[in-house]
Structure formats: structure tokens, C-alpha cells
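This is what each chain is made of:
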Amino acid sequence: MARFIPVDRDTVYLFPPSVQEWLGKDHLARFVVETVEQLDLGPLERAYAGRGSAAFHPSMLLGLLIYGYATGVFSSRAIERATYDSVAFRYVAANTHPDHDTINEFRKRFLKQIEPLFVQVLLIARELGVLKLGQVALDGTKVHANASRHSALSWGHANKIEAQLKAEVAELLRLGAQADRAEVPDGMSIPKELEPREARLKAIAEAKQRIAERAAQRHASEQAEYEAKRKAREAKRQAGKPPRGPDPQPPAAGPKDTDQVNLTDADSRIMKATGKGFEQAYNAQAAVDTATMLVVGQRLTQAPNDKQQIEPMIEGLQALPKALGEIDAVIADTGYASAHNVGLCEAAKITPYIATGKELHHPPLLARFSEPPPLAGEADALTRMQHRLATAAGKAVYAQRKSTVEPVFGIIKHVMGFRQFLLRGLEKVQGEWTLVCMAWNMKRLFVLAG
């Protein structure tokens, strides 16, 4: 007869008396708690008023959020359940059980105060001897907003629905003003019919205002670009060098029929996602240290492309504490390529490695080992960078992009499971992306320092 370990669910057991005995010494939850205890949480602590019942300590709530995001538990309700069901969450919560409203309110209330803590985690990594800045790889990924693209309202459709609703409201008012109610259908309540239509008209008016504001911003940007091109062509003419091609046309003002706004999260945008068509999303940016795969710079943008993200990212990286070291090289794909961006990097004394075209998946054998001919004469910044990328050393540097920033996004989305923001609005979503990147850094630092 086979022998089995008895299955006994009736014997009474006692948990060890100390929460310190619930987890092994080498556990991510323990590492998160120990790291959070090293952070300066003074701004969070001072935000609590000294009245009413005792509050849960911000270090514990922050630890719950970071451990939750690091392990794929994002919603406040799921975190609350985990403080009962998971030994690791019980440890982080010190065997207390904050309800989901408390967790959610803490997250929304302290997003701004959490952002500086992102840099403090990097300083801890520096103190551990793990991080010293040098080369960073920059990329962006589309993260689904907490809204459906089917909730979007276009300018053309808004005008059509608005005209229909105004005609219906006018007809209802006409029926209500008649002394003889013979025309009013049986069972119709004019006030009940008016109320939802007036509410929809108000919502449409607000949506149209947002669309018009965005159109005005776009026109201002396009007009500035048009003026710059026109002046450049005029300068060529005056220098006796007729410009090629037709003169640029001035941009049209006002909204287009296809301009739209999302009624659920107005700050999100419809963006093209790789292999998935279009989705309602934000463009999440990250600068990853190539030596450690730690995220050292992060930001969120509504722009669907990456062309304008070099400048703000460089500014953010240069604002990091000097103790972390200096950024000496930036690696990015062709989405960031422009002469302007290359010039920005060189002005900041950062060597750019930004692809200007698609790479061949199967280059000829000898091409991998060949060196380009020396640059002839005075070359501009873009030409120098292209030459640098054609060298064996430049190719080796650029190759690090695929093994650093792309895996980070892959792990965040497919291992940690973060594919959609829980919060809405640009400011809150920026704070949530900071929290995601901080959770990734904790997870990565746990491995590096282990």
C-alpha cells in the first residue's frame, strides 16, 4: 500500500507569536518594509492632523502599495483582501487590516509626496554600492488609461448630437407652453424628458470646450513651426539659394471634425499600440540605467510619439542628486531621432546614441565587423552621431537598449501585470506611474542587493 502524508484540517495550530517569524529572511516583503523605513516620510506624517482616532502609519500604507504593485496586486480592494489572505501582506501590514477606502484615499492624497521618494530609493541603491549613473536607455510604452476609446466624443459627432438635442428640447418646451395638452403623448412627462437632455447638452458643451482648447494649442504649435519654416526658406532665398519644394501652407485654425475628447478620462488620448490598433492610453516614459536596469528617470506624457520627450527627460536626469553620478550617454530608438534632440544632448554634455533608421535584423557577416571611413571635414552633430553608431563600439553601446529598457517594460506589463492605470487625470496618472517605477526599482534592488 502507498504511504501518504495525512491530510488533517481539524488540528488547531497557532501562528508564531512574532510577525518576524512569518517570513524567511530573504523575502521581498521584508526588503520593502526595511527600505521604506529608511525613507524620509516627514511630509506625509506632517499632513495628518492631530485630532480624531489614530491613523494607520504612512510607512505601512506605502509599504502595502509598493509591495502590491511589485507583485501584481493593484486595486485597494485586492490589497485589503490580501492583508487577510496573504502571509506576506500580513507581515507588511503588521497584522492590521486597513480597509480599501483608507488605502485608496492614501494613494490619491499623497501621490505628490510619493514622487520625491522615487529619488530617495535611488540614493539607497547608491549607498548599497549598486548604482552609479553613466549610460541610460530611454524608451516609451503605451499604457491603457482607465477609460475606453469608445467613450470618446468627436467634434463632428458632438455638433450633430447637440443640434438634435437642442431641437428636442425646443419641441418639449413648445409642448409644455401650450394650454391645450392634446398634442402631448399619453404618459409623457415633459420635465422628466427635459432633464436628461439638458444634462447631456451641458456635458457636450464641456467636451466641445476641451476640444476647442486643444485645437487652439495645436494651432499655436503648428503656426510657430510654419513661421520657422517660412523664415528659413526666406533666408535661403536672400542668400541666393532657392529652397526646394513648394512653400509650406499656413495651418488651419479651429477644431477638426475628427478631433475628440474622452468623456471618462479627458486627459487620456487615443494612441496607436504595437500590434493592437488604437487604444485610449498614456505614453509612459522611462530612462533605465544600463548597468543595473534600475529606472532613474520617469515621466508621463499625452503625446502619442516620443519625439518631444528627450528634452524633459534630460532636464529630469540632470536634476538628480550629484551623489548618483553623471549621465554621460543616452541610448534611444528612432522615435527620438532629430537634429534638435541630438543638439540638446550635446549641449548637456551627454553623448547621444539615437538610431536614425531601422536596423537590419540579419546584416551581412562582414558588416558587423567593419568600421566606417573617417569623417571628412567639419561634420554637424547629427552626422557625427550617425558615424558613431556605425562603429563597432557604437553598435555595442546601442545594442544595450534592447537588453535594458525593453525588458523593464516587458516585466512591468507581463510579470508584474501592470497594463492599465487605476487612476484618472494626467496628474494622478503621473503619480501612479511613479509608484509603478518605484515598485520595479524595489523589486530589482532586492535582486541586486541579495
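Our structure is the block above this text.
Residues numbered from 1 in each chain as written. Predicted model: local features only at pLDDT ≥ 70, side-chain atom pairs only at ≥ 80, totals over all residues. Heavy atoms only, no water.

Draft legend 1. Highlighting the nonpolar core. Among the nonpolar cores identified, the biggest contains 98 residues, and Leu62, Ile66, Val296 and Trp433 are the most heavily contacted of them. Among the elements that make up this core, the one with the highest residue count is helix α15 (residues 426-448) (ten residues). Excluding residues within four positions of it along the chain, Trp433 makes contact with Ala284, Gln285, Gln298, Arg299, Leu300, Phe409, Ile412 and Phe421. Core analysis: the next-biggest nonpolar cluster, separate from the first, contains 17 residues, Trp155, Ile161, Leu165 and Leu201 among them. (Core = buried A, V, L, I, M, F, W, Y, C linked by side-chain atoms within 4.5 Å. Buried < 20%, exposed > 50% of the residue type's maximum accessible area, 1.4 Å probe, protein only. Helix = DSSP H or I, 4+ residues; strand = E, 2+ residues; numbered from the N terminus. Contact = heavy atoms within 4.5 Å.)

Draft legend 2. Structural detail: the environment of Pro251. Relative to the assigned elements, Pro251 resides in the loop between α9 (190-238) and β3 (260-262). Excluding residues that lie within four positions of it along the chain, Pro251 makes contacts with His219, Glu222, Gln223 and Tyr226.

Draft legend 3. Spatial organisation of the packing of aromatic side chains. Considering all chains together, one arrives at ten aromatic pairs under this definition. Where Tyr67 meets Phe89, the ring centres are 5.0 Å apart and the plane angle is 70 degrees; that geometry is what we call edge-to-face. Within this pair, whereas Tyr67 is found in helix α3 (residues 58-70), its partner Phe89 is found in helix α5 (residues 87-92), the two being separated by 22 residues in sequence. Look at Tyr67 and you get buried, because its relative accessible area is 7%. Three or more aromatic residues joined by ring pairs make a cluster, and in this case those are Tyr69, Phe74, Tyr282, Phe418 and Phe421. (Phe/Tyr/Trp six-rings, centres within 6.5 Å; stacked < 30°, edge-to-face > 60°.)

Draft legend 4. Focus on the environment of Gln400. For Gln400, the location among the structural elements is in the loop between α13 (392-398) and α14 (405-414). You can call Gln400 partly exposed: its relative accessible area is 24%. Here the alpha-carbon distance between Gln400 and Glu311, two residues 89 residues apart in the chain, equals 21 Å. Each residue touching Gln400, except ones within four places of it in the same chain, is listed here: Gln135, Thr290 and Ile331.

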